[in-house]
Amino acid sequence: MSRFDQLLGTDFDDRPVADTDEVIYGGLDDPRHRARVPGLTEMMSDPAAPARERFLACLALTTWGEPAGYEALIRAAGSPAATPWYEVLVNRKFAVDSTFAQLAIAVGDSAEPAEEKRTAGQREAAFRALVRIADTEYFEDQLGDLMPETMVALVLPDLAETVERGVNSLVLQADPHGRPHGHPHPHPDRKPPAFDLATQLVDLAGAAALVDGPLAAKLAMAVLEAEASPRALVHAVTLLHRSKAPDVRQLGEYMMSVGDDRVRNLATDALRSS
């Protein structure tokens, strides 16, 4: 039996499993997962191990709230494309990496083990690292909804900076010769993301609405003024439900003025319920 099969291909009663998720999520309720942490940490750091196995090791360790998992994720976020397992998983719609989307889910799922193992501070650092790359890496509509209100409050400054950088990217995409605020001299190699960045940024603004409605409205408005796509506008309806701040109501009115019938109906219903 290979090292991988021993660590992630066998459940905690030594029975083979077809899906590694059975082991990873089973470990959340089974303290016997701790015996596999050293082996998974070694496999994750082994340059001779297949990239997929290293990624799944990181996924398991992160889900279990282990320091090694969080630390590896933070290093990966520091240089995404240089990560050994980058593009091991690829989103079919946009043909871009989706490993960070899966790691974000793992961080979200690790709340209880992080409290138990006293790694909540490292979990916060992991979320912060992911938020900081959300203007360049794809999160499959996950990141904004994975953070509870308490976590959003902790990473809010980073979230706002990421949305602002993303807006600059949207402006550059629309006008490569433009000079968006914050980037008076855009880097010549700067390329717009290949995924739906506007909607991802709106989702981050939606997370901000949990703790700061006016800021969330400001961020979402900046995104929509740069790219008011139908999908981004639909996702922005979440802000109207999460905050009753006057600024958010103004955002809703703007959405109704630029959106299609679906957006107008959704925004109208949301504002009526406020």
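Numbers given for residues are sequential positions, taken from 1 along each chain in its written order. Local features in a predicted model are, by the rule used here, given only for residues with pLDDT of at least 70; side-chain atom pairs are given and counted only at 80 or more, and totals for whole chains, interfaces and linings are based on all residues. Each side-chain value is worked out from all heavy atoms of the structure, with water and hydrogens disregarded.

A helix here means a DSSP run of H or I that spans at least four residues, while a strand means a run of E at least two residues long, and both kinds are numbered starting from the N terminus. A tally of regular secondary structure across the chain gives 15 helices and two strands. Its C-alpha radius of gyration of 20 Å places the chain within 12% of the 19 Å reference for a compact globule of 274 residues. By principal-axis analysis of the C-alpha atoms, the chain measures approximately 60 × 45 × 30 Å. Every accessible area reported is derived by Shrake-Rupley at a probe size of 1.4 Å, with residue values counting cover from the shown protein chains alone. Total accessible area on the chain stands at roughly 13,000 Å², and carbon and sulfur atoms take up 50% of it. Based on C-alpha atoms, the radius of gyration is set beside the globule rule, defined as 2.2 Å times the residue count to the power 0.38.

Turning next to the pattern of salt bridges. Any Lys or Arg side-chain nitrogen located within 4 Å of an Asp or Glu carboxyl oxygen qualifies as a salt bridge. Evaluation of the coordinates by the stated rule reveals 15 salt bridges. Put simply, Asp13 and Arg32 hold a salt bridge, and the shortest N to O gap is 3.0 Å. Placement of the pair is Asp13 in the loop between α1 (3–8) and α2 (20–26) and Arg32 in the loop between α2 and α3 (37–44), with a sequence separation of 19 residues. The buried label goes to any residue with under 20% of its type's maximum accessible area, the exposed label to any with over 50%, and the partly exposed label to all in between, with areas taken from a 1.4 Å probe on protein chains only. On the basis of relative accessible area, Arg32 is assigned to the partly exposed category, the value being 41%. Notably, a salt bridge pairs Arg165 with Asp135, separated by 3.2 Å at the nearest N-O pair. On the criterion of sequence distance, the pair formed by Arg165 in helix α10 (residues 149–174) and Asp135 in the loop between α8 (120–132) and α9 (143–146) is long-range, its members being 30 residues apart. Overall, Arg165 belongs to the partly exposed group, its relative accessible area being 28%.

Pairing of aromatic side chains requires ring centres within 6.5 Å, counting the rings of Phe and Tyr and the six-membered ring of Trp. Pairs whose planes differ by under 30 degrees are stacked, by over 60 edge-to-face, and all others tilted. Applying the stated rule across the entire model yields five aromatic pairs. An angle of 50° between the planes, with centres 6.4 Å apart, marks the rings of Phe12 and Trp64 as tilted. Remark: Trp64 occurs in the loop between α4 (51–63) and α5 (67–78) and Phe12 occurs in the loop between α1 and α2; sequence separation between them is 52 residues. The residues Phe12 and Trp64 share a single accessibility class, namely buried. Here a set of aromatic residues connected by ring pairs shows up, and it is made of Phe94, Tyr138 and Phe195.

This brings us to the nonpolar core. Nonpolar cores were defined as sets of buried Ala, Val, Leu, Ile, Met, Phe, Trp, Tyr and Cys residues, with membership established by side-chain atoms within 4.5 Å. Counting residues in each nonpolar core, the largest one holds 87 residues, and the members touching the most others are Leu8, Leu40, Leu143, Met147, Leu159 and Met255. Looking at which element gives the most residues to this core, the answer is α10, with nine residues. Any two residues having at least one pair of non-hydrogen atoms within 4.5 Å are treated as being in contact. Sequence-distant contacts of Leu8, that is, excluding residues within four places in its chain, are made with Val17, Thr20, Val23, Ile24, Arg36, Leu40, Met43, Leu56, Ala57 and Ala60.

Let us now look at unusual backbone geometry. Note: most peptide bonds trans; most residues except glycine with negative phi. Unusually for a residue other than glycine, Glu87 sits at a positive phi of about 70°. Within the element layout of this structure, Glu87 appears in the loop between α5 and β1 (90–91). By relative accessible area, Glu87 is classed as partly exposed at 46%. Backbone geometry places Ala95, a non-glycine residue, at a positive phi of 55°. Within the element layout of this structure, Ala95 appears in the loop between β1 and β2 (96–97). Owing to a relative accessible area of 57%, Ala95 belongs among the exposed residues under this scheme.

Right, let's talk about the environment of Asp203 for a bit. For Asp203, the location among the structural elements is in helix α11 (residues 197–208). When the C-alpha atoms of Asp203 and Ala216 are compared, they prove to be 9.9 Å apart, with 13 residues separating the residues in sequence. Apart from residues no more than four positions distant in its own chain, Asp203 is found in contact with Asp141, Gly144 and His235.

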